[in-house]
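The primary structure of each chain is shown beneath.
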Amino acid sequence: MIEQIVQWDKALLVALNGSPSLFLDGVMMTITETTTWIPLFTCLLYAVLWNNIWRHSLLIIAVIALLVTFADQFSDAFCKPYFHRLRPSQSPDLANVIDLVNGYRCGLYGFISSHAANTFSVSSFFMLLFRDKRINILLPVWPLLASYSRMYLGVHYPLDIAAGMLWGILCGVAVYGFYRWVSLRVCPQVCMSSSLCTSTGYRRSDLNPVLLVFPLIFIYTIIRATLFAFTS
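Values in this document were obtained by computation on a predicted structure and should not be read as measured data.

Moving on: helix α3 (residues 38–51). An α-helical turn contains 3.6 residues, so a residue and the one three or four places further along point in the same direction. In this model, α3 (14 residues) spans 20 Å end to end at C-alpha, consistent with the 20 Å of a helix rising 1.5 Å per residue. Of all the residues in α3, the buried ones are L40, C43, L44, A47, V48 and N51. The buried residues of α3 occupy an angular sector of 140 degrees when projected down its axis, which confines them to one face. Considering only its buried residues, α3 is in contact with α4 (54–83), α5 (114–130), α7 (141–152) and α9 (208–231).

Next up on the list: the layout of surface pockets. One number sums up the size of the largest pocket: a volume of about 340 Å³. If you trace the largest pocket, you find 16 residues lining it, with T34, N118, T119, V122 and W142 closest to the centre. The class makeup of the residues in the lining of the largest pocket is 8 nonpolar, 6 polar and 2 charged. The space that makes up the second largest pocket amounts to roughly 180 Å³. Lining the second largest pocket we find V27, I31, W37, L138, V141, L145, F214, I217, F218, T221 and I222. Breaking the lining of the second largest pocket down by element, the ones donating at least two residues are α2 (22–32), α7 and α9.

Here the focus is the nonpolar core. Grouped together as the largest cluster of nonpolar side chains are 47 residues, with contacts concentrated most on L40, F125, F126, L129, F130 and Y179. At the level of secondary structure, the elements contributing two or more residues to this core comprise α2, α3, α4, α5, α7, α8 (158–186) and α9. In contact with L129, other than residues within four places in its own chain, are V48, I60, Y176, Y179, T200 and Y202. Counting 8 residues, the second-largest nonpolar core is a separate cluster that includes L13, A116, M151 and I161.

It is worth spelling out the packing of α4 against α5 at this point. For the pair α4 and α5, the least separation of the axes is 9 Å and the interaxial angle reads 155 degrees. Classified by the interaxial angle, the pair formed by α4 and α5 is roughly antiparallel. Where α4 crosses over α5, the handedness of that crossing is right-handed. Packed against α4, whose contacting residues are I60, V63, I64, L67, V68, A71, D72, S75, D76 and K80, the element α5 presents S114, A117, N118, S121, V122, F125, F126 and L129 at the interface. When grouped by side-chain class, the residues that make up the contact of α4 with α5 number 11 nonpolar, 4 polar and 3 charged.

About the criteria used
- Residues numbered from 1 in each chain as written.
- Predicted model: local features only at pLDDT ≥ 70, side-chain atom pairs only at ≥ 80, totals over all residues.
- Heavy atoms only, no water.
- Helix = DSSP H or I, 4+ residues; strand = E, 2+ residues; numbered from the N terminus.
- Expected span 1.5 Å × (residues − 1).
- Buried < 20%, exposed > 50% of the residue type's maximum accessible area, 1.4 Å probe, protein only.
- Arc of directions from axis to C-beta.
- Contact = heavy atoms within 4.5 Å.
- 1 Å grid on protein atoms, 1.4 Å probe; cavity = no way out; pocket = protein on both sides within 12 Å on 5 of 7 lines; lining within 4 Å.
- Points joined across faces, edges and corners; volume = space filled by probe spheres on them.
- Nonpolar A, V, L, I, M, F, W, Y, C, P; charged D, E, K, R; others polar.
- Core = buried A, V, L, I, M, F, W, Y, C linked by side-chain atoms within 4.5 Å.
- Axes fitted to C-alpha atoms, helices over the stretch in contact; angles between N-to-C directions.
- Parallel < 35°, antiparallel > 145°, perpendicular 65-115°, else oblique.
- Left-handed = near helix turned anticlockwise from the far one by under 90°.

If you want it as structure tokens, here you go:
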């Protein structure tokens, strides 16, 4: 049964991996880079800093650091060396079958996906923190795209991504629960008007930059991908 699941996993990867388009290669190479998403994270922190007193902001920043460390170290420092599952790009069975972009292979082991764990943990935390319908619809686009890019580039199997996603969501929910337990005791909410704020006290207008940064990231991705296609 396990062997059958592994074979399905490989078959699904081959179906999702790569394309003949250099432009799409450039899109996925851009999306998979953490630096591409720094503006989004900056806007998320802006909403935190602008809506909380200093000690509450410091608490949230500390909790986010704890969250990312916990999600990343479990996947990188424990799972990858424990399971020893070669990435598709490093597997002798698949390395010459799948499409690789500019020789991009990443590290040796891939289970579980750190990209999926980190992005889903952070996005889950902020969705619970803000409790805004617009954010809840748009923010998952980030981890979903980042996760798909890893399969497109041939550095993760679908099961790597699924396990990383589940671990990331679990971390996000658990750490948010810890944050709420602490914050309700030491940090009062600032904005409490239901017409202007979310149920967790964040001004809806201060969340607009989070929504506006996505089109800018899209434009940046298109430009980078176009340059990639012309120079490759």
